[in-house]
Amino acid sequence: MDQIIDFFTSKSVAEMAADPRVLFGTAVVFVLAVLFRWKYVLLFLFAIGATMTVLRFTAGGVTSERIVDRSMMLFIGGTIVIALVLVYFLFIRD
C-alpha cells in the first residue's frame, strides 16, 4: 500500500497519464464499464481522457502571443465540447 501511495504522490499528472500501469488500469476499467454498462464510469473516463487530450494539444511550449491565443481558444473550445457531451449524456439522453 505504501508503494501505491508513493507512486501517486511522486508523479505529476502528465507523467501518470503516460505510465503503462495507469494506462493498463484505465483500459481494464473501460472494458469493465462497457461490459457492465456503467454509464457514469464511462462518462468519467471520457471527461478525464478528453481533458488530458485538450491539455496536451494546448501545451505548446512556445511563448509567442499568437500561439498562446490559439492555444487558449483550443482549450476553451475543447472544454466547451467536453461539457456539452457530458451534459447531453447525463441529462438529456436517457
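Residues numbered from 1 in each chain as written. Predicted model: local features only at pLDDT ≥ 70, side-chain atom pairs only at ≥ 80, totals over all residues. Heavy atoms only, no water.

Undergrad: When you look at the overall build of the protein chain in this model, what are you seeing that I'm missing?
TA: Along the backbone of the protein chain there are 5 helices and 0 strands. Secondary structure elements of the protein chain occur, N-terminal to C-terminal, as α-α-α-α-α. Looking at the protein chain alone, contacts between residues at least 24 apart form 44% of all its contacts between residues at least 6 apart. Total accessible area on the protein chain is roughly 7700 Å²; 71% of this is exposed by carbon and sulfur atoms. (Helix = DSSP H or I, 4+ residues; strand = E, 2+ residues; numbered from the N terminus. Contact = heavy atoms within 4.5 Å. Areas by Shrake-Rupley, 256 points an atom, 1.4 Å probe, with all protein chains shown as cover.)

Undergrad: Would you mind going over the packing of aromatic side chains with me for this structure?
TA: The description of two aromatic rings rests on the distance between their centres and on the angle between their planes. Inspection of the entire model under this criterion finds 2 aromatic pairs. Considering the side-chain rings of tyrosine 88 and phenylalanine 89, the 5.2 Å spacing of their centres and the 80 degrees angle between planes classify their relative orientation as edge-to-face. When its relative accessible area of 30% is taken as the criterion, phenylalanine 89 is described as partly exposed. (Phe/Tyr/Trp six-rings, centres within 6.5 Å; stacked < 30°, edge-to-face > 60°. Buried < 20%, exposed > 50% of the residue type's maximum accessible area, 1.4 Å probe, protein only.)

Undergrad: Would you explain the packing of helix H3 (residues 20-36) against helix H4 (residues 39-58) in this entry?
TA: To describe two helices that pack against each other, one gives the angle between their axes and the distance between the axes. Where H3 meets H4, the axes come as close as 8 Å, and the angle between the chain directions of the two elements is 145 degrees. Between H3 and H4 lies a crossing whose hand is left-handed. Along the contact surface, H3 presents Thr26, Val29, Phe30, Ala33 and Val34, while H4 presents Val41, Leu42 and Leu45. Split by residue class, the contact of H3 with H4 holds 7 nonpolar, 1 polar and no charged. (Axes fitted to C-alpha atoms, helices over the stretch in contact; angles between N-to-C directions. Left-handed = near helix turned anticlockwise from the far one by under 90°. Nonpolar A, V, L, I, M, F, W, Y, C, P; charged D, E, K, R; others polar.)

Undergrad: What am I meant to see in the nonpolar core here?
TA: If you look at soluble globular proteins, the nonpolar side chains tend to sit buried side by side. Leu43, Ala47, Ala50, Val54, Ile82 and Leu86 together form the largest nonpolar core, which totals 6 residues. Every element with two or more residues in this core is listed here: H4 and helix H5 (65-92). Among the elements that take part in this core, H4 stands out by supplying 4 residues, more than any other. Setting aside chain neighbours within four positions, we find leucine 86 in contact with Leu43, Phe46 and Ala47. (Core = buried A, V, L, I, M, F, W, Y, C linked by side-chain atoms within 4.5 Å.)

In short, the description is geometric, and any link to function would need to be established separately.
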